[in-house]
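Coordinate analysis (summary)
Residues per chain, in single letters:
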Amino acid sequence: NQIGQTLPGKSPSFFFMDIRSSEAQAFDAFLREKAPEAKMDRVPMMRGRVVRLNGLRPEEIEPGAGGQALHRDQWCFDFFPFPDDVQVEVATIWALTDFTEANGATRLVPGSHRWQNPDYFAGDSDVATIPAEMPKGSVLVWHGSTWHGGGANVTSDEVRVGVAMNYCAGFI
């Protein structure tokens, strides 16, 4: 009840709209007529090149940790059947330490970005992988639809650390 009564009065509302420059004057007139108190700011758009940062998190694999289950980051968009040649997400991991097979380098399933409607519970995750070994300071880039997972850290004293960032198409 408190949220419904007090929050709307204290919280701003923001709407981001992509208006073609040829339609901007008509939109401005419409907005002034319908909501004369509204504040509007304009920023340039780069139609077709806009990306949104979809997560920024440290990825640490401690000594003795098991491997992560294989998955694809783009699973959250599986509800929509994008054409085969459309990739809506690109994933990256930036190595803050050396990535080795022994300390849990990210494991990839080559060609899995071409799989249609993967079934996570039908044993599809039991496939051959390759470790993405790379020195500190490197970045690994892959399609968001590629199956991958952090490897097992079988070392006794190395923590594998990276920062994962995913980029989504601006229309998502």
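Just above, that's the structure.
Residues numbered from 1 in each chain as written. Predicted model: local features only at pLDDT ≥ 70, side-chain atom pairs only at ≥ 80, totals over all residues. Heavy atoms only, no water.

Comments concerning the overall build of the protein chain
- From N to C terminus, the protein chain includes 2 helices and 7 strands.
- Written out in order from the N terminus, the α and β elements of the protein chain read α-α-β-β-β-β-β-β-β.
- Evaluated residue by residue, the protein chain yields a buried proportion of 30% over its 172 residues.
- Residue pairs in contact within the protein chain that sit at least 24 positions apart in sequence constitute 84% of those at least 6 positions apart.
- Accessible area for the protein chain stands at about 11,900 Å²; split by element, carbon and sulfur atoms hold 57% of it. (Helix = DSSP H or I, 4+ residues; strand = E, 2+ residues; numbered from the N terminus. Buried < 20%, exposed > 50% of the residue type's maximum accessible area, 1.4 Å probe, protein only. Contact = heavy atoms within 4.5 Å. Areas by Shrake-Rupley, 256 points an atom, 1.4 Å probe, with all protein chains shown as cover.)

Quick notes on the pattern of salt bridges
- Under the counting rule described, the total for this entry stands at 1 salt bridge.
- Its salt-bridge partner being Glu101, residue Arg107 comes within 3.4 Å of it at the nearest N-O pair.
- Glu101 gets classed as partly exposed once you look at its relative accessible area, which sits at 43%. (Salt bridge = Lys/Arg side-chain N within 4 Å of Asp/Glu carboxyl O.)

A word on the pairing of strand E7 (residues 160-169)
- E7 sits mainly inside the fold: 9 of its 10 residues count as buried.
- Across 7 bridges, the pairing between strand E2 (residues 89-95) and E7 is antiparallel. Of the residues in E7, the one forming a bridge with Ile93 is Ala164. (Pairing = 2+ DSSP bridges.)

Let's talk about the sheet that holds strand E4 (residues 130-131)
- One open sheet holds the 3 strands; their spatial order is E4-E3-E6, and the pairing between them is antiparallel. Single-partner strands in this sheet number two, and they are E4 and strand E6 (148-150).
- Bridge count for strand E3 (residues 106-108) against E4 is 2 bridges, and the pairing is antiparallel. Along E4, the bridge assignment pairs Arg107 with Pro131.

Description of the environment of Met165
- Considering the arrangement of structural elements, one finds Met165 in strand E7.
- It is 9.6 Å that separates the C-alpha atoms of Met165 and Val141, two residues lying 24 residues apart in sequence.

What about the nonpolar core?
- Counting 10 residues, the largest nonpolar core is built from Ala91, Ile93, Ala95, Phe99, Ala105, Leu108, Ala132, Met134, Leu140 and Trp142.
- Elements that contribute at least two residues to this core include exactly E2 and strand E5 (139-143).
- No other element matches the 3 residues that E2 contributes to this core.
- If we skip the residues at most four places from it in the chain, Ile93 touches Glu59, Phe99, Thr106, Met134, Ser138, Val139, Leu140, Trp142, Arg160, Gly162, Val163 and Ala164. (Core = buried A, V, L, I, M, F, W, Y, C linked by side-chain atoms within 4.5 Å.)

Brief notes about the side chain of Arg160
- Within the secondary structure, Arg160 sits in strand E7.
- Lacking a salt bridge, the buried Arg160 has Glu59 as its closest oppositely charged neighbour, with an N-O distance of 5.0 Å.
- There is a polar contact of 3.0 Å between the side chain of Arg160 and the backbone oxygen of Gly104. (Lys, Arg positive; Asp, Glu negative; His and termini not counted. Polar contact = N/O pair within 3.5 Å; in protein donor to acceptor, adjacent residues only side chain to side chain.)

Topic: the environment of Ser145
- Topologically, Ser145 is positioned in the loop between E5 and E6.
- Separated by 56 residues in the primary sequence, Ser145 and Glu89 have C-alpha atoms spaced 7.5 Å apart.
- Among all residues touching Ser145, those that are not within four sequence positions of it are Arg72, Gln74, Gln87, Ser112 and His113.

Looking at a nonpolar patch on the surface
- Together, Val90, Trp94, Val139 and Val141 make up an exposed nonpolar region whose accessible area comes to about 310 Å².
- Its location among the elements puts Val139 in strand E5. (Patch = residues over 30% accessible without salt bridge, like charges linked within 9 Å, V, L, I, M, F, W, Y side chains within 5 Å.)

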